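Chain and residue survey
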Protein chains: 2
Amino acid sequence: MANANIQLVVVGNFVHISETNCQEIAYLHDHIMIVNTSGKIVFFDRGNLTDLRKEYQFNEKDILAMTSGQFMIPGLIDTRATATCFPMACTHMDKKSFDWLENCALPAEAQCFDLNYTERLMQKLVKCMVDNGTTTACYLMSMHFDACSTLANITIKKGQRAIIGKTCMDRNSPYFYFETSNQAYESTVRLVRTLRSRVSPLLMPVLVLRLRQTTTEKLVQKFNQLSKDLGICIQTTMAQSAEEVKIAFEMFPNNKTYTSILDKASLLTPRTILAHCIHVTEEDIQLLKDRNVGVSHCPNSNISIRSGIFDARKFLKYNVNVGLGTDIGAGYSVSILNAIRMAITTSKIISIGKVKETAYQPISNAEAFCMATLGGAKVLGLDKRIGNFQTGKDFDALLIDCNVDNSVISTFDFDGLEEKFQRFLYAGDDRNIINVYVAGKSIKSN
Amino acid sequence: MANANIQLVVVGNFVHISETNCQEIAYLHDHIMIVNTSGKIVFFDRGNLTDLRKEYQFNEKDILAMTSGQFMIPGLIDTRATATCFPMACTHMDKKSFDWLENCALPAEAQCFDLNYTERLMQKLVKCMVDNGTTTACYLMSMHFDACSTLANITIKKGQRAIIGKTCMDRNSPYFYFETSNQAYESTVRLVRTLRSRVSPLLMPVLVLRLRQTTTEKLVQKFNQLSKDLGICIQTTMAQSAEEVKIAFEMFPNNKTYTSILDKASLLTPRTILAHCIHVTEEDIQLLKDRNVGVSHCPNSNISIRSGIFDARKFLKYNVNVGLGTDIGAGYSVSILNAIRMAITTSKIISIGKVKETAYQPISNAEAFCMATLGGAKVLGLDKRIGNFQTGKDFDALLIDCNVDNSVISTFDFDGLEEKFQRFLYAGDDRNIINVYVAGKSIKSN
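All of these numbers come straight from a predicted model, not from anything done at the bench. (Residues numbered from 1 in each chain as written. Chains lettered and ligands numbered in written order. Predicted model: local features only at pLDDT ≥ 70, side-chain atom pairs only at ≥ 80, totals over all residues. Heavy atoms only, no water.)

1. Observations concerning the overall build of chain A
- Looking only at helices and strands, chain A has 14 helices and 17 strands in total.
- For 446 residues, the compact-globule estimate of 2.2 N^0.38 gives 22 Å, and the C-alpha radius of gyration of chain A, at 22 Å, lies within 12% of that figure.
- Total accessible area on chain A is roughly 16200 Å²; 49% of this is exposed by carbon and sulfur atoms.
- Measuring between centres, the 48 positive side-chain charges of chain A sit 4 Å from its 45 negative side-chain charges. (Helix = DSSP H or I, 4+ residues; strand = E, 2+ residues; numbered from the N terminus. Rg over C-alpha atoms; globule rule 2.2 N^0.38 Å. Areas by Shrake-Rupley, 256 points an atom, 1.4 Å probe, with all protein chains shown as cover. Lys, Arg positive; Asp, Glu negative; His and termini not counted. Charge placed at Lys NZ, Arg CZ, Asp CG, Glu CD.)

Quick look at the structure:
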């Protein structure tokens, strides 16, 4: 009699970051992963398949035996996908931070009042993200309740884990894209209730404030209360560009640091997802650590619209939780693999520019890979559920094959698991991601 | 009666850099391109197809009408492909410049004495380059004559335009990879003769000196003479890393600039292809311009092995000819599209770091695209033959389709030719390159 509680047994090689050692990549050969029908990992170790079969009573047909060219990694996590700006990607790469916000991001957001347009756009975006291995995305939508709801329906149907929020700003808004504090708050509450009513374990709401400078005290206070009462994260941005920092100090005088502006508004908590954080001091970073804030590092966006250069090493030195984000639109790539490469590139360029170069280590493959998986999970407050292959967590995973037809990766006879993984990390693409699992369910379209 | 002299007529949209304006990308709608049986462009303009058919007497079957999602760009040019190091790509990304040379590049080169290995390796590399749109590559091979000859056979069979050289160093060589000055010279002369005897218009020899520090005066003098007598380019490197610069000044005292070291050896001529040139002064750059030297910019290599940060803007300011190189192996990507993106990334990061940021413009899409096409052609001394769609030049081109099945690019209803091109530039890959032409002949394997 087969145990109806087991849905998948994967045998072969796995690569992940363990909770106990974030500094190294764990290359696990000949392991067995058993996933139950709730999508949770119930066994992950070496073992004897015959013995395990007796114990877990799974069917032969539920066994997936990976080939020697294949391995599994945890699903990739995008901590900041500005969904509305997806059409802007690649096409406005000459614009700078504020110019980009005003002339690209906000008009693109405003357009999402059109639900026909939004539906088509989000179908395209979600498919593209899943194909590229993003199993969890924190989506920032426009201010429109209906647009957010549309996106939620699409992610549920697709089976992607999604955290969705409507972006709020109740002052310093452009004439074509404006709502009052009450509208912003009430529409957010309605969205939170609606998303929670869907009873999907994969769907979560997030509160989104654009910038401290664009939100009133009143809205911030109400959001803080909501976040506390319901245990929902707040995503906002800080210190993205030099111009923004300047305006912040003008608007909030008597603050020595940018973080203190947010801290006074009680916006620095373990439920805060703080994007960018580029133009900060060590004092700022220390406070982010003290408040246990999660940081979303969006290297492609930072460089593409020239906001500034995020020094990941500094944040890791202070043990701040850092995840990766595409910030798609401002960043030109929807792929977290690209974010990994851009994060490493940025960090290496910083290291080259240092006078005492030997004292500064650019982020390693392990650190960048961690940001894309376990680090991202921590930033989103989901590390008890996803981020690596720990038993008890949901099975969110990518089946990688370096030898797939039309692969852009070149492999060689002498490649072991480590080399294969590295080739995927630096040169692989969606073609090498031959299956995508969220909570044990295969969701990649082929 | 059809004219046997015409082999291809392409109708639709084209994108290139014109000779007269390197600062802008020319987006050419509804143009007609007529290519003769020698692979040369004999007509390129708007025009009436019926009239042109009367004039050029081509067959209906020779007409390729591009769809609205398609366009053509000139073939991409790789000015520095260190072919031997291809297997090292992606897998040694923690190593730095000299460490990488000694422990990765040289052992990989040394292995090319094994012709079986070399044959398989080069088959893989050339296919991969062509699939990624590299119509012309300047390949640096190992010191082994037979390995170079093997590569030549493969590029001829594949139909790729190739410039091939055996890398020479006759001092400061490791024990496992060594030849005398005479061996280096004689083997090079033999290679030049052999490559020229193939009577392939697509195959050219290049003389390759690794570094001034690893070559004797005797070899340099002989190479200079050979280059002059036969009109062959010399490829060498300069100022790749800070350590290298230090050694150069120790070995060649009484030089105020690095370029003066090469200039005294008569190594700065219009036939010189100088890779890297990272750690240079404005005085150096001025001399490179005065001598009309071509520079091969390899951004992925520079950053990956942390050699340094090449400031493309400075070289463009002095009107130095700059092309792009993958420096594959040290760089992790075989794709010139990647080189374009990495060049832009590097330049944007430099611009962000500038105090007087507004006075410094990072390189534009046009400048990066130029480096990948016409700029590369100039560096290799081939701009009379390739680099753009000027009549009289060879038809080396890529047929791009943004809407191909499984495309990683997302296009939108409002995209015009400019947007499509930009999406390809930043997000496209080999799947969007649906055909590759060299001298009028289709060479992409599908």
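2. Quick look at the domain arrangement of chain A
Residues and elements named next belong to chain A.
- Taken as a whole, chain A is organised into domain 1 (6–74 + 388–442) and domain 2 (76–379).
- Just the C-alpha atoms count here: the centres of domain 1 and domain 2 sit 29 Å apart.
- Tallying the contact residues gives 30 residues for domain 1 and 22 residues for domain 2.
- Taken over both partners, the interface formed by domain 1 and domain 2 buries close to 2100 Å², and the fraction arising from carbon and sulfur atoms is 63%.
- The largest per-residue losses of area from domain 1 upon contact with domain 2 belong to L425, Y426 and V438, which jointly make up 27% of the total buried on that side.
- Between domain 1 and domain 2 we count two salt bridges in total.
- Linking R161 and D396 is a salt bridge whose minimum nitrogen-to-oxygen distance equals 2.8 Å.
- For the pair domain 1 and domain 2, the number of links is seven residue pairs in polar contact (both at pLDDT 80 or more).
- When contributions to the side of domain 1 that touches domain 2 are tallied by element, the ones reaching two or more residues are β1 (6–18), β2 (21–36), β5 (70–74), α14 (417–427) and β16 (433–438). (Domains from an automatic or database assignment. Contact = heavy atoms within 4.5 Å. Buried area = accessible area lost by both parts, 1.4 Å probe. Salt bridge = Lys/Arg side-chain N within 4 Å of Asp/Glu carboxyl O. Polar contact = N/O pair within 3.5 Å; in protein donor to acceptor, adjacent residues only side chain to side chain.)

3. Brief notes about the nonpolar core
- Counting 225 residues, the largest nonpolar core has Y139(A) and Y139(B) as its most contacted members.
- Per element, the largest residue contribution to this core is nine residues, and it comes from helix α12 (residues 336–353) of chain A.
- What Y139(A) contacts, discounting residues up to four positions off in sequence, is A81(A), A83(A), L125(A), V126(A), M129(A), L151(A), T155(A), Q160(A), A162(A), I163(A), I164(A) and G165(A).
- A26(B), M66(B), M72(B) and F389(B) belong to the second largest nonpolar core, which has 16 residues in total. (Core = buried A, V, L, I, M, F, W, Y, C linked by side-chain atoms within 4.5 Å. Buried < 20%, exposed > 50% of the residue type's maximum accessible area, 1.4 Å probe, protein only.)

4. Here's the deal with α14(A)
- With eight of its eleven residues buried, α14(A) lies for the most part within the structure.
- The set of residues buried in α14(A) consists of L417(A), K420(A), F421(A), Q422(A), R423(A), F424(A), L425(A) and Y426(A).

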